[in-house]
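What the coordinates show
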Amino acid sequence: MNEFDKHIRFMKAALKEAKKCSEYEDVPVGAVVVHDSKIIGRGYNQVEKLKDSTAHAELIAIKKAIRKTGYKYLNGCTIYVTLEPCPMCAGAIVLARINTVVFGAGDPKAGSCGTLFNIIEDKRLNHRCEVVRDVMEKECAELLKEFFQKLRGK
């Protein structure tokens, strides 16, 4: 499987996670952490469900991956996220020492992988991640657009 096909496969898995958000009216963001072409952590936004402002998809997926590996660092891992990580999540990705971040839709209001901030690639930090942008961007953005249209309609 080539790199492009791998990115599509795992972004589809992240989108599947994002679709789980609809039950609790959470912003539909999904994430998966991958090591050796296997998903070792999955997460979706649960801010509303858990009444926890830190319950972002990336943090949930990272915590599950850490539990699975039994180690605090996720060297050699890639995280796939449907929306560009915010500052909190970008910081957690750096601290977890994930190698690569692949995201779908950019976030002009909080994106921290190059859109608004660039925490992920900041040379002042002790770890940096490779970034792959706009994988399945249209599908990821459409899911968010539909969510906010429904929310405004209520």
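Use the structure listed above.
A short tour of the structure in this document, coming up. (Residues numbered from 1 in each chain as written. Predicted model: local features only at pLDDT ≥ 70, side-chain atom pairs only at ≥ 80, totals over all residues. Heavy atoms only, no water.)

**Things to note about the sheet that holds strand 4 (residues 100-105)**
We apply this condition: Here the rule is simple: two strands pair whenever DSSP picks up at least two bridges between them. Secondary structure is summarised from DSSP: a helix means a run of H or I of at least four residues, a strand means a run of E of at least two, and numbering begins at the N terminus for each. Where helices are involved, their axes are fitted lines through C-alpha atoms of the stretch in contact, as for all axes, and angles between N-to-C directions lie from 0 to 180°.
Here we have five strands laid out as an open sheet, ordered 2-1-3-4-5, and mixed in their pairing. Each edge of the open sheet is held by one strand with a lone partner, namely strand 2 (38-44) and strand 5 (130-132). The sheet shows a mean angle of 20 degrees between the axes of neighbouring strands, taken without regard to direction. The pairing of strand 1 (residues 30-35) with strand 3 (residues 77-83) spans five bridges and is antiparallel. Note that in strand 3 the partner of Val33 across the bridge is Ile79.

**Focus: the packing of helix 3 (residues 57-69) against helix 4 (residues 87-95)**
Axes are the key here: two packed helices are described by the angle between their axes and the distance separating the axes. In plain terms, the rule: The cut-offs work like this: below 35 degrees is roughly parallel, past 145 is roughly antiparallel, 65 to 115 is roughly perpendicular, and the gaps in between are oblique. Each crossing gets its hand from how the near helix is turned against the far one by less than a right angle, where anticlockwise is left-handed and clockwise is right-handed. What makes two residues a contact is simply this: any of their non-hydrogen atoms within 4.5 Å. When residues are sorted by character, Ala, Val, Leu, Ile, Met, Phe, Trp, Tyr, Cys and Pro go into the nonpolar class, Asp, Glu, Lys and Arg into the charged class, and all the rest, Gly among them, into the polar class.
Following both chains from N to C, one finds helix 3 and helix 4 inclined at 20 degrees, their axes separated by 9 Å at the closest point. By the criterion of interaxial angle, the relationship of helix 3 to helix 4 is roughly parallel. When the axes of helix 3 and helix 4 are compared, the crossing they make is left-handed. Judged by residue contacts, Glu58, Leu59 and Ile62 of helix 3 engage Met88, Cys89, Ala92 and Ile93 from helix 4. Along the lines of polarity and charge, the residues of the contact of helix 3 with helix 4 split into six nonpolar, no polar and one charged.

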